[in-house]
Amino acid sequence: MKNFLCTCGQTLYFENTRCTACQRRIGYDPELCTLLALDPVYDEHGTLGECWRAADGGQLYQLCLNDIDYAVCNWLVSSPNMSYCLACSLNHIVPGVESRHRQLQKRQWWASMEQAKRRLLYTLMALGLPVHSKAEDPVSGLAFAFLEDQSSNPLVREKHVLTGHAEGLITVNLAEADNALREHARQRLGEPYRTLLGHFRHESGHYYFDRLIWRHEDLQTFRQLFGDERRDYDQAIAAYYGCQDNEERRPDMISAYAQAHPLEDWAECWAHYLHMIDTLETAAEYGVVVQTEAYSNWSQNIEACFAHWSQVSVMLNSLNRSMGLEDAYPFVLSAQTLNKLRFVHRMICPNSTPMQTGASVGTHP
């Protein structure tokens, strides 16, 4: 994730809604891929209207309705015929925040959901991946549902909501936005890494499997690397959770959950690819790694990404340990996993250089 600049020269961050220096309103234009400082637009009577103008004298915008009503969004709407920004237009179900039952807490959870979703979309769009709503493409479009179950709200009907993907709809349990509940699940399931953004990236991998892997030769390569995706999914997941305490982690897998089913292995590798790309862009922004080419060209060089990632992930873990924290990236990328990541990369960047083989990448100092 890169940083941005206000017209006054102050550094802006992706989640900012106001410049801390000049106090201008801030919004993100997903078409221009930039944060903009905004000036209010008044009518001839001096009344503030619905429009805002980019402070550099440019385009007119409207605030997303989820920003106006609930303050959970900072993306802009450029079309007067739309009420919601590109990110919020993908929402299928959002939490009900009108009731008084923990309204503020639920709104904070929803805001965390939206923040993670926007970070996901930023990377997907930067990589040139298709992002279309169900309204635009009912068959292959993308949608999100944020649902509660009784673990976070005993008043709802659903006893348990599973985070997952089905036919373009990514469902995320609202409880994942609660740090305490998410940490409890991480400990209970024995996961070294569990984040809200990680859920979004993982589930997007299931969505893009259906969108990107359709040619026979790609499917054959997938099966050679990951296994046969036609294996019964429900039985495989039940078997994984049924013997989780007794099953040893395979060292060639990127995570324990990756060995549950070939599709989960793919989704885990997809998520880690997005982790790597986004974090390396952030590292380049702060001069930790040298990025001399445009983002799109630089991200196509997967071997350079691996080399930089080895450096950055070791540094991240060392910094965390210096602060008495757990490793930020508690994984080791085996040679087999690197080949899987190369395949993910080739599906995203089909014009990149052919896959190579390489040694493992260690992330523990």
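Note that the structure is predicted; figures quoted are calculated from it, not measured.

Moving on: the layout of surface pockets. Of the volumes computed, that of the second largest pocket is approximately 690 Å³. As for the second largest pocket, its lining consists of 28 residues, and the residues nearest its centre are Tyr193, Thr195, Thr279, Ala328 and Tyr329. Contributions of two or more residues to the lining of the second largest pocket are made by α3 (179-189), α4 (196-212), α7 (262-285) and α9 (302-322). Partitioned by chemical class, the residues of the lining of the second largest pocket number eleven nonpolar, seven polar and ten charged.

Bringing helix α6 (residues 233-242) into the picture now. Listing the buried residues of α6 in full gives Ala236, Ile237 and Tyr240. Taken end-on, α6 shows its buried residues confined to a sector of 95°, consistent with a single buried face. Exposed and oriented more than 90 degrees from the buried face of α6 are Asp234, Gln235, Ala238 and Gly242. Looking at the buried side of α6, the elements it contacts are α7. Capping of α6 at its N-terminal end is provided by Asp232; its side-chain oxygen lies 3.3 Å from the backbone amide nitrogen of Asp234.

The next point concerns the environment of Lys159. With respect to the helices, strands and loops of the structure, Lys159 is situated in the loop between β9 (143-147) and β10 (164-166). Residue classification places Lys159 among the exposed residues on the basis of a relative accessible area of 68%. Sequence-wise, Lys159 and Asp149 are ten residues apart; in three dimensions their C-alpha atoms are separated by 5.3 Å. Each residue touching Lys159, except ones within four places of it in the same chain, is listed here: Asp149, Gln150 and Ser151.

Among the secondary structure elements, Ser112 is positioned in helix α2 (residues 103-126). For the pair Ser112 and Glu176, spaced 64 residues apart in the sequence, the C-alpha separation amounts to 9.5 Å. Setting aside its immediate chain neighbours within four residues, Ser112 contacts Ala177 and Leu196.

Further remarks concern the pattern of salt bridges. Overall, the coordinates contain 20 salt bridges when judged by the stated rule. The residue Asp278 makes a salt bridge to Arg119 at a minimum N-O spacing of 3.7 Å. In this pair, Asp278 sits in helix α7 while Arg119 sits in helix α2, placing the two residues 159 residues apart along the sequence. In this structure, Arg194 engages Glu191 in a salt bridge whose closest nitrogen and oxygen atoms are separated by 2.9 Å.

Take the nonpolar core next. Membership of the largest hydrophobic core comes to 81 residues, with the highest contact counts inside it found for Leu124, Phe200, Trp266, Trp270, Tyr273 and Ile348. With twelve residues, α7 is the single largest residue contributor to this core. Listed in part, the seven residues of the second largest apolar core include Leu38, Trp52, Leu63 and Leu76.

Glancing now at the sheet that holds strand β11 (residues 169-173). Strands sit in the order β8-β9-β11-β10 across an open sheet of four strands; the sheet is mixed. For this open sheet the edge positions go to β8 (91-93) and β10, each flanked by a neighbour on one side alone. Within this sheet the neighbouring strands show an average axis-to-axis angle of 25°, counted without direction. For β9 and β11, the ladder comprises five bridges, and the chain directions are parallel. Its bridge partner lying in β11, Phe144 is registered against Ile170. Contacts between α2 and the sheet are confined to β8, β9 and β11, with β9 contributing the most and set at about 155° to the helix.

Quick look at helix α5 (residues 216-226) now. An α-helix turns once per 3.6 residues; consequently, residues spaced three or four apart project the same way. Among the residues of α5, those classed as buried are Asp218, Leu219, Thr221, Phe222, Leu225 and Phe226. Looking down the long axis of α5, one finds its buried residues gathered within 160° of arc, a one-sided arrangement. Summarising the geometry of α5, the exposed residues directed more than 90 degrees from the buried face are His216 and Gln224. On its buried side, α5 packs onto α4, α7 and α10 (335-348). Remark: Gly227 follows α5 within two positions and exhibits a positive phi of approximately 115°.

This part is about the confidence of the model for the protein chain. When pLDDT is averaged along the protein chain, the result is 87; 88% of the residues meet or exceed 70. Note that residues 357-365 has pLDDT below 50 and, in this model, 36 contacts with residues that lie over four places away or in other chains.

Both the distance between ring centres and the angle between the ring planes are used here to describe each pair of aromatic rings. Using the criterion set out here, one finds 26 aromatic pairs in the structure. Geometrically, the ring pair formed by Tyr208 and Trp270 is stacked, given 5.3 Å between the ring centres and 15° between the ring planes. A residue pair is termed long-range when its members are at least 10 positions apart, and Tyr208 in helix α4 and Trp270 in helix α7 qualify at 62 residues. We note that Tyr208, like Trp270, is buried. Aromatic pair Phe222 and Trp266: ring centres 6.1 Å apart, planes at 65°, arrangement edge-to-face. Linking Phe222 in helix α5 with Trp266 in helix α7, this pair joins segments that are 44 residues apart in sequence. According to the relative accessible area criterion, Trp266 is buried, its value standing at 0%. Through pairs of rings, three or more aromatic residues link up here, namely Tyr207, Tyr208, Phe209, Phe222, Phe226, Trp266, Trp270 and Phe343.

Rules used throughout
- All residue numbers refer to positions counted from 1 along the written sequence of the respective chain.
- Residues qualify for local features only when their pLDDT is at least 70, as the model is predicted, and side-chain atom pairs are given and counted only at 80 or more; totals for whole chains, interfaces and linings, by contrast, use all residues.
- Calculated side-chain values reflect all of the structure's heavy atoms, with hydrogen atoms and water omitted.
- Put plainly, a pocket is an open set of points on a 1 Å grid over the protein atoms alone with protein on both sides within 12 Å along at least five of seven lines, a cavity is a set where a 1.4 Å probe fits but cannot get out, and a lining residue has an atom within 4 Å of a point.
- Grid points are joined across faces, edges and corners, and a volume is the space filled by probe spheres set on the points.
- Only DSSP runs of H or I covering at least 4 residues are called helices, and only runs of E covering at least 2 are called strands; the numbering of each starts at the N terminus.
- Residue polarity follows a fixed list, in which Ala, Val, Leu, Ile, Met, Phe, Trp, Tyr, Cys and Pro are nonpolar, Asp, Glu, Lys and Arg are charged, and the others, Gly among them, are polar.
- Exposure is judged per residue with a 1.4 Å probe applied to protein chains only, and the accessible area is read against the type maximum: over 50% gives exposed, under 20% gives buried, and values in between give partly exposed.
- Working definition: the arc comes from the directions between the helix axis and the C-beta atoms, pointing outward to the latter.
- The contact definition used throughout considers only heavy atoms, calling two residues in contact when any of these lie within 4.5 Å.
- Residues adjacent in sequence count toward polar contacts only when both atoms are side-chain atoms; beyond that, a polar contact is any pair of N or O atoms within 3.5 Å, and within protein one must be able to donate a hydrogen and the other to accept it.
- Here, a salt bridge means any side-chain nitrogen of Lys or Arg that lies within 4 Å of a carboxyl oxygen of Asp or Glu.
- Throughout this description, the term nonpolar core refers to a set of buried Ala, Val, Leu, Ile, Met, Phe, Trp, Tyr and Cys residues connected via side-chain atoms within 4.5 Å.
- Pairing between strands requires that DSSP locate at least two bridges from one strand to the other.
- Every axis in this analysis is a line fitted to C-alpha atoms, fitted for helices over the stretch in contact. Angles between the N-to-C directions lie between 0 and 180 degrees.
- How sure the predictor is of each residue is captured by pLDDT, a score from 0 to 100.
- When the centres of two rings from Phe, Tyr and Trp lie within 6.5 Å, Trp using its six-membered ring, the rings pair. Their planes under 30 degrees apart give stacked, over 60 give edge-to-face, and anything left gives tilted.

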